[in-house]
Amino acid sequence: VLTPPVRTCTHKCVGEENWVDSRTIYIGHKEPPPGTEAFIQQRFPDNRIVSSKYTFWNFIPKNMFEQFRRVANFYFLIIFLVQLIIDTPTSPITSGLPLFFVITVTAIKQGYEDWLRHKADNSVNQCPVHVVQHGKVVRKQSRKLRVGDVVLVKEDETFPCDLILLSTSRDDGTCYVTTASLDGESSHKTYYAVQDTKAHSTEEEVDSIHATIECEQPQPDLYKFVGRINIYMDNEAVARPLGSENLLLRGATLKNTEFIYAVAIYTGMETKMALNYQSKSQKRSAVEKSMNSYLVVYLCILISKALINTALKYVWQADPNRDEPWYNDRTETERQRHIVSLAFTDFLAFMVLFNYIIPVSMYVTVEMQKFLGSYFIMWDDEIFDEELGERAVVNTSDLNEELGQVEYVFTDKTGTLTENNMEFIECCVDGHVYVPHAICNGQLMPGAAGMDMIDTSPGPEVHEELFFRALCLCHTVQVKEEETVDGIKHGIHQGKSTSFYISSSPDEVALVEGMKRLGFTYLRLKDSHMEILNREDEIERFELLEVLTFDSVRRRMSVIVRATGELYLFCKGADSSIFPRIISGKVDQVKARVEHNAVEGLRTLCVAYRPLTPEQYQEVCHLLNGAKLALQDRDKRLAEAYDIIEKDLILLGATAVEDRLQEKAADTIESLHKAGMKVWVLTGDKMETAAATCYASKLFHRNTQILELTTKRTEEQSLHDVLFDLSRTVLRQHGNMTRDTFSGFSGDCTDYGLIIDGATLSAVMRPTQEDSNSGNYKEIFLEICRNCSAVLCCRMAPLQKAQIVKLIKTSEEHPITLAVGDGANDVSMILEAHVGIGIMGKEGRQAVRNSDYAIPKFKHLKKMLLVHGHYYYIRISELVQYFFYKNVCFIFPQFLYQFFCGFSQQPLYDTAYLTLYNISFTSLPILLYSLIEQHINMDILKKDPSLYRDIAKNSLLRWPIFIYWTVLGVYDAIVMFFGAYFLFDNTTFTSNGQMFGNWTFGTLVFTVLVFTVTFKLALDTHYWTWINHFVIWGSLIFFVVFSLLWGGIIWPFLNYQRMYYVFMQMLSSGPAWLSIILLITASLLPDVVKKVICRAMWPTTTERIQVSLLSLHQSLMVSLRSSVSSIQFQFNFICIAPIHNRSYLRTLFK
C-alpha cells in the first residue's frame, strides 16, 4: 500500500504555505484496516462559500482603509485634519462635507453590493443536501458538509462541492453532466464511476464501501485532477487511478441520470469553482492615466500658489505698521513663535484656502458616469442576438472610454470570425473522394456535377470501410435516444424517437453525422462496447479498451478497440501531428487533398490506424496504468506514454469540415480597417485554412501582397535573412518612413499582409545563441508588422497569443490593444490586452467570464467600438477637462483676492458656496452631458468609420488641449474678478447710496462664475433633450433659490450669518445686473470666437459633417417653409378666383 508522502509544497497554492503535496480522504470517515496505513485525520474547511468582502464588524474600518488608499481621498482627509488642528481661513465643513459625501456614497454602494453577496452566499450555504450516514440518507445544510461525506445527488440537482463519483443509477457507471455555470458549455459531458464501486447502487451498499482516496491539493484548473482510490477488500488494498473524468465539480448539474452517489473531496473555498473566483489584474484606461497626470500638475500649481502667497505675506508684513495694525494686535504667544513655524502654519492655511482646485467630486462623477453609462451597452437592442437570446454584458465599466481608443484588434478565428457550426463536406480515403449524398463508394449521385475531385473511382474496400469505422469509433460523442432531454423534444422524425449526437466538440458531431450519411451509423456505447450499424444494416460491436484523450499540445486523440480477436489503435488529429508518425499509406495523394481543402477554407483532420498484437497491447496497458497511478507529474508521464503508443501509423485518409463565416464578419473587419485599426487574426488552424478565411472576411484583399514568415521559408533561408528580406520589401515602398497607424492607405500604396506561424514566432521571440548577434529580431518583426495592413498568425498556442498582444502593447508607440475570442484558449490574450471582449460562442463561457465586455456575435463589435466607444471617449474627455476648467475659474479669483486683502487668507466666497459649488451647483449638468451627449448621430458614425480617427491616440486629452482649458479658466477668472473690481471701484450701487461690502463682491463674482461655467457647458452641448434643459436651467434656478433662502432667513443653527440679505441687496442694484451680463459675455466670447475660427480654417472631419448636417437641416427648413407658403398662396388664390376659373386653376397647380 502506497502511503502519501507528507512534504511541504514546493509552490504556494492560493496563498497557503502549510499545505502538503497530497491529501488523504477517508470515505464515510472510516478508518483504514489495522496494519494497512496510519490513520491521520487531516483538518479541512467546511462547505461554506464566502464571496463577500466585509463582515458586520470589519465593514467600517476595512472600507475606510480601502477608500483612503486613493490619493485624492487621502489628500482631502489631510486638508480636513489641518483645518481642525490649525486656525484656517475656511471652516472644516468646506472640506469635510464634500469628503464625507464622497466617502458615504462610495461606502453605501460597496456595502449594498456586499450585502447582495452575503445574501447569495446564505442561499447557497443553507441549500439542503442528502448525505448517507449509517446506511440511511439524512438531510443537512450545504455548509455543514465535510470532506469524506458520501452525498446522494438526484437528477437536475447541482453538485454541492467537488465530488468523486462512486456509483450511478446507470448499469455502466456513467452519468451525464452540464457545466454551463462553470465554463458555459451546455453540452452533456460523460463522467465515470470508479470501476470497483459502480455496482453499489443503494444506501446500504454505498455505506459498506471501505476505501481511502489520495489526491492532489486543491488547484483552480477545472480540467485537471490527479488522484487514486485504495479500496480495501479482506484487508487488501486495490489501487485504481482517478482523473478528471471521475471528478464532479461544484456548480455543475446532473442531467439525464436518475441519481448518483459520490464522496466529497474538496469543500467550501477549496472547490475549483471557488478558486476560480480570484480577481483579474486591474486595467487602467488612457483617460484615467491622463487624469492622474493632470492632478499632479494641479497639485504643483496648488503648492506654488501657497508658497507664493506665504512669501508675499511676509514681504508685505515687513512694514511694522502692516504687521500689527491697531485693530489686530498679535498676542504674546504669537510674537514668541519662531518665524519658520509661523510660515509653515500660513503655508498650510493657504493650502486649505486654495485646495478646491483639486476636484474631489470628479472621482465620484467619473465613477457614476462609467457605471451608469455601461447600461447603454447592455440596453442596446442592436447588440442583442435573437438566436442566442443574449445581450451584451459589461463585466467592468472602468474601460468604457478605452473602446474609443483601440488601435490594434486581435481576434480568434474559429467561433469568433466563423460560426463554429461544423458541417461535414467530404472525406478522402487513399486519394478517393467521398461526398455525402453526392459521391458514395465511387458512384456519382444526382447534384454532384461540376465538383472538383481527384479520383472518384471505388477505392480499396478494406481501407474504405476501415476509415469509416475509425471515424465511428475514434471520438467521445454521446448518443441520446430519449424523446425528451431537459424537457425539450429532440430527434423526433415522423412521430418516432430517433437518436441524436451530443459532444463538447462540434467537429466530432459533424464527423459522426457525416459517417451516418455515408452508411455507417454510430449507435451507442454500452457495457464498454461501441456499436455500429453498417451499410448492410448489421450491428458491429467493438470493445473499447482505452481512450487516449485529445489535448491541444498533441493535437490528436486515439482509441484502442478489440473486434473479433483483433486489436486496433485508431488515431485522428491535425495533419501536422499525424503525418510525421506515418510509416505507410498514400501520403502524397491525401496530403494534396488536405492542402486543396485548406485553401478552400475547410477544417481538415487526418485519420490513421495501427494493428496491435496482444504483446504490444500488454505493453501499452503497462505504460498507461503506470502513468495513471502516478500522483506526481501524471500529465507529463501520460504525454510520454501517448507519444510511445501513437507511432508507426498507417494512413487511411482525411476529412474536411466547413465552418462558415459569421454574418457581417467581413463588413465589420472592413469598417475597423477604415476606422484606422489594424486587425490581426490569431488562430491555431493551419495556414491555408486560416488564409482562406482571411480572404473571405476581407482581412486580405485580392491585391494584398502576402509576406510569409513561416517554418517552410525559414528552412530554406535563415531567419535572419528572411526577416531582413521582408523588412526591405515593406520599406522599399515607403522609403525609411513607417506607415502611421491612422494615416490611411493611399491608392498607389502597396497593401501588405503578413502570415507568421507559431514555430517561427517562437524563434523571433527567443533567438538562438548563434543568431543573437544578428540584431534584435523583435524590433525588425515589429517594423514589418507596422507596415502591414493585416497580420495572420497561425498554428498559435494560447500562450503565444498573449505574447503577441504583449509584444505590440509594450512596443515603442504603446498602442491601445483589444482582444476578442470565444474559447478557453483565448483567455490569456483577453486578459493581456487593454480591452478584452468575449464572444458568447459554442466553446464555453470561459472567455466571457474573463473578459471586460461580452457580445453575442463578432458583428456587434462594430457598433461597440465605432458608436459606443466614440461617444464614451468624447463624453469623458469633456467631463475631465471641464472639471479642471471650472475649478480653475472657481479658485483663481480667490488667489487674486489675496493681493487686495494683505494676504490675510480671507475667503472670497461664503462657506456655503465653497461647500456646494462642486456638489450641487455645477455637478449635475456635466454628469448628464457625460451620459447622453451625441455630437454626431450614431447612424453617421456607423456609416463613416473614418470619424473614429478624429479621436485616436487620446487626441482630446493631449497636453495642448489641457493647457488651453486651463488658460481659458484663468482668463475667465481674471475677467470675473477684475471686471467686478473695476466696475465697483469708488461707486455706490444701491438706491440709498450704500456701497457693496466684501461678501457682496464675492457673491457677485460667484454668481458670474456659476452662470459662466454652466453656459460654457451649454455651448458645448450638441444633443439637446428636455432632460438637458431641465438639469442645466434647473441647476441655475436652484443656485438663485438657494442664495435667496440662505441670505433671506435667519437660521437658528448658525452662530453668525454674514450672508444675511447680501444676495437680495446685490440683485436690487441695476448696475449689478448689467455687470453680471457683461462679465458672462466677456468670459464666453473668446472661446466662441476660437471655435468659429478653428471650424472655418482647420475643421476636423467631425466638424465638417456637423456643418453639412446643419446646412442640410436649414435647407430642408427653408424648402419646407417655401412649400407651405406656396400652398397657402395657391389656396388663397383659388378662394378669391372667379367660380368659372377655379377648375382651370386647380388643374394648373396640380
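Residues numbered from 1 in each chain as written. Predicted model: local features only at pLDDT ≥ 70, side-chain atom pairs only at ≥ 80, totals over all residues. Heavy atoms only, no water.

In the annotation of an unreviewed UniProt entry, the protein is listed under the name Phospholipid-transporting ATPase and assigned to Dicentrarchus labrax. Recorded in UniProt for the protein, the comment headed Subunit (unreviewed entry) runs: "Component of a P4-ATPase flippase complex which consists of a catalytic alpha subunit ATP11A and an accessory beta subunit TMEM30A." According to UniProt, the comment filed for the protein under the heading Cofactor (unreviewed entry) is "Mg(2+)". (UniProt positions renumbered as here; feature names shortened; annotations may be inferred.)

> So what exactly am I meant to see when it comes to the overall build of the protein here?
Helices and strands together make up the secondary structure of the protein, namely 37 helices and 42 strands. Excluding contacts between residues fewer than 6 apart, the proportion of contacts in the protein whose partners are at least 24 apart in sequence is 72%. Here the protein displays about 52,600 Å² of accessible surface, and carbon together with sulfur accounts for 57% of that area. (Helix = DSSP H or I, 4+ residues; strand = E, 2+ residues; numbered from the N terminus. Contact = heavy atoms within 4.5 Å. Areas by Shrake-Rupley, 256 points an atom, 1.4 Å probe, with all protein chains shown as cover.)

> Is there a simple way to explain the sheet that holds strand 37 (residues 705-709) in this structure?
Through backbone hydrogen bonds, the strands of a sheet pair up, either in parallel or in antiparallel fashion. If you trace the 9 strands from one edge of the open sheet to the other, you get 16-42-41-40-17-36-39-38-37, paired in mixed fashion. Every other strand in the sheet has two partners, leaving strand 16 (393-394) and strand 37 as the edge strands with one partner each. Relative to strand 41 (residues 835-839), strand 40 (residues 817-821) runs parallel, the two being bridged by 4 bridges. When the bridges of strand 41 are listed, glycine 821 appears paired with glycine 838. (Pairing = 2+ DSSP bridges.)

> Would you mind going over the pattern of salt bridges with me for this structure?
Any two side chains of opposite charge can pair, given that their charged atoms come close. For the coordinates displayed, the defined rule picks out 40 salt bridges. A salt bridge links glutamate 531 to arginine 524; the shortest N-O distance between them is 2.4 Å. Across the pair glutamate 670 and lysine 698 runs a salt bridge whose closest N-O atoms are separated by 3.6 Å. One end of the pair, glutamate 670, is in helix 18 (residues 665-674); the other, lysine 698, is in the loop between helix 19 (687-696) and strand 37, with 28 residues separating them in the sequence. With a relative accessible area of 25%, glutamate 670 lands in the partly exposed category. (Salt bridge = Lys/Arg side-chain N within 4 Å of Asp/Glu carboxyl O. Buried < 20%, exposed > 50% of the residue type's maximum accessible area, 1.4 Å probe, protein only.)

> What's the story with the environment of glycine 373 in this structure? I'm lost.
With respect to the helices and strands, glycine 373 occurs in helix 11 (residues 360-379). For the pair glycine 373 and serine 397, spaced 24 residues apart in sequence, the C-alpha separation works out to 8.0 Å. The contacts of glycine 373, once residues within four sequence positions are left out, are Met368, Asn400, Tyr872 and Leu931.

> Where do I start with helix 22 (residues 758-765) in this structure?
Residues three or four positions apart in an α-helix share a direction because the helix packs 3.6 residues into each turn. Inspection of helix 22 places Gly758, Thr760, Leu761, Val764 and Met765 among the buried residues, and these make up the whole buried set. Around the axis of helix 22, the buried residues are gathered within 160 degrees of arc, so they sit on the same side. (Arc of directions from axis to C-beta.)

> Even after reading the chapter, I still don't get a nonpolar patch on the surface, so can you show me in this structure?
There is a patch of nonpolar side chains on the surface, built from Trp1024, Trp1033, Ile1037, Val1041, Leu1045 and Ile1049 and spanning about 520 Å² of accessible area. Tracing the sequence through the fold places isoleucine 1049 in the loop between helix 33 (1026-1048) and helix 34 (1062-1067). Judged by relative accessible area, which is 36%, isoleucine 1049 ranks as partly exposed. (Patch = residues over 30% accessible without salt bridge, like charges linked within 9 Å, V, L, I, M, F, W, Y side chains within 5 Å.)

> Mind showing me how you'd approach the packing of aromatic side chains here?
Any pair of aromatic rings gets described here by the distance separating the centres and the angle formed by the planes. Overall, the coordinates contain 64 aromatic pairs when judged by the stated rule. Note on tyrosine 356 and phenylalanine 890: the rings are 6.0 Å apart at their centroids and 65 degrees apart in plane angle, and the pair reads as edge-to-face. In this pair, tyrosine 356 is assigned in the loop between helix 10 (339-354) and helix 11 and phenylalanine 890 in helix 27 (residues 860-897), connecting sequence segments 534 residues apart. As far as burial versus exposure is concerned, tyrosine 356 and phenylalanine 890 are alike and both buried. Seen in terms of ring centroids, phenylalanine 900 and tyrosine 981 are 4.7 Å apart; in terms of plane orientation they differ by 50 degrees. Their pairing is tilted. In this pair, phenylalanine 900 is assigned in the loop between helix 27 and helix 28 (911-921) and tyrosine 981 in helix 31 (residues 959-984), connecting sequence segments 81 residues apart. Exposure remark for phenylalanine 900: the relative accessible area of 40% places this residue in the partly exposed category. (Phe/Tyr/Trp six-rings, centres within 6.5 Å; stacked < 30°, edge-to-face > 60°.)

> Would you mind going over the pairing of strand 8 (residues 211-216) with me for this structure?
Residues in a regular strand project their side chains so that they alternate between the two faces of the sheet. Burial within strand 8 is extensive, with 6 of its 6 residues counted as buried. Judged from the 5 bridges that link them, strand 1 (residues 22-26) and strand 8 form a sheet pairing that is antiparallel. Bridge pairing links tyrosine 26 to threonine 212 in strand 8. The sheet contact formed by strand 8 and strand 9 (residues 227-233) spans 5 bridges and is antiparallel.

> Explain unusual backbone geometry to me, please; I cannot follow it from the model alone.
Note: most peptide bonds trans; most residues except glycine with negative phi. Even without glycine at this site, histidine 29 takes up a positive phi of about 60 degrees. Looking at the secondary structure, you find histidine 29 in the loop between strand 1 and helix 1 (59-67). Residue classification places histidine 29 among the partly exposed residues on the basis of a relative accessible area of 28%.

> Would you mind going over the nonpolar core with me for this structure?
Here is a general trend for soluble globular proteins: nonpolar side chains tend to be buried in one another's company. Val880, Phe890, Tyr909, Tyr913, Phe1006 and Leu1009 are the most contacted members of the largest nonpolar core, which has 97 residues in total. Broken down by element, this core gets its largest block of residues, 17 residues, from helix 27. Each residue touching tyrosine 909, except ones within four places of it in the same chain, is listed here: Cys889, Phe890, Pro893, Gln894, Leu914, Trp999, Gly1002, Val1005, Phe1006 and Leu1009. (Core = buried A, V, L, I, M, F, W, Y, C linked by side-chain atoms within 4.5 Å.)

> Looking at this structure, how should I read the sheet that holds strand 1?
Read from one edge of the open sheet, 4 strands run 1-8-9-10, paired in antiparallel fashion. Single-partner strands in this sheet number two, and they are strand 1 and strand 10 (236-242). When strand polarity is set aside, the average angle formed by the axes of neighbouring strands in this sheet is 20 degrees. Packing against the sheet, helix 16 (residues 614-629) makes contact with strand 9 and strand 10, and its axis sits at approximately 90 degrees to strand 10. (Axes fitted to C-alpha atoms, helices over the stretch in contact; angles between N-to-C directions.)

> Got a minute to help me understand the confidence of the model for the protein in this structure?
As a general rule, the predicted coordinates of low-pLDDT regions are not to be interpreted in detail. Counting all residues, the mean pLDDT for the protein is 80, and 82% of those residues have values of 70 or more. Every residue in residues 439-459 is under pLDDT 50, and counting partners more than four places away or in other chains gives 42 contacts. This model gives residues 483-497 a pLDDT under 50, and the stretch forms 24 contacts once residues within four places in sequence are excluded. (pLDDT = per-residue confidence, 0-100.)

> What's the story with the pairing of strand 13 (residues 259-266) in this structure? I'm lost.
Within strand 13, 8 of the 8 residues are buried, leaving the element largely enclosed by the surrounding structure. Where strand 4 (residues 150-154) and strand 13 come together, 5 bridges link them in antiparallel fashion. Of the residues in strand 13, the one forming a bridge with valine 151 is alanine 262. Judged from the 6 bridges that link them, strand 5 (residues 162-168) and strand 13 form a sheet pairing that is antiparallel. Among the inter-strand pairings, threonine 168 is bridged to a residue of strand 13, identified as isoleucine 260.

> How should I be thinking about the UniProt feature "binding site: Mg(2+)" (unreviewed entry) in the protein in this particular structure?
Cross-referencing UniProt, the feature "binding site: Mg(2+)" (unreviewed entry) maps to Asp412, Thr414, Asp822 and Asp826 in the present numbering. A maximum C-alpha distance of 10.7 Å among these annotated residues, which run over 415 residues, shows that they cluster at one spot. Tracing the chain through its elements places threonine 414 in the loop between strand 17 (408-411) and strand 18 (418-429). Mapped onto the elements of the fold, aspartate 822 is located in the loop between strand 40 and helix 25 (827-832). Looking at aspartate 822, its side chain comes within polar contact range of the side chain of threonine 416, at 3.4 Å. (Polar contact = N/O pair within 3.5 Å; in protein donor to acceptor, adjacent residues only side chain to side chain.)

> What's the story with the environment of aspartate 121 in this structure? I'm lost.
Looking at the secondary structure, you find aspartate 121 in helix 3 (residues 92-125). Expressed as a C-alpha distance, the spacing of aspartate 121 and valine 50, which sit 71 residues apart in the sequence, is 6.2 Å. Discounting residues that sit within four places of it in the chain, aspartate 121 has contacts with Ile49, Val50, Ser51 and Ser52.

> Help me understand the packing of helix 29 (residues 923-932) against helix 33, please; the structure alone is not making it clear to me.
Helices that pack against each other are described as a pair by the angle of their axes relative to one another and the distance between those axes. Here helix 29 crosses helix 33 at 160 degrees, and the two axes come no closer than 9 Å. Regarding the angle of helix 29 to helix 33, the classification is roughly antiparallel. Pair helix 29 / helix 33 crosses with left-handed handedness. Residues Leu924, Pro925, Leu928 and Ile932 of helix 29 form the contact with helix 33, whose own contacting residues are Ile1027, Asn1028, Val1031, Ile1032 and Ser1035. (Parallel < 35°, antiparallel > 145°, perpendicular 65-115°, else oblique. Left-handed = near helix turned anticlockwise from the far one by under 90°.)

> Would you mind showing me how to read the environment of leucine 623 here?
With respect to the helices and strands, leucine 623 occurs in helix 16. On the basis of relative accessible area, leucine 623 is assigned to the partly exposed category, the value being 27%. Taking the C-alpha atoms as reference, leucine 623 lies 6.0 Å from alanine 641; in sequence the two are 18 residues apart. If near-sequence neighbours (up to four positions away) are discounted, leucine 623 is found in contact with Ala641, Ile644 and Ile645.

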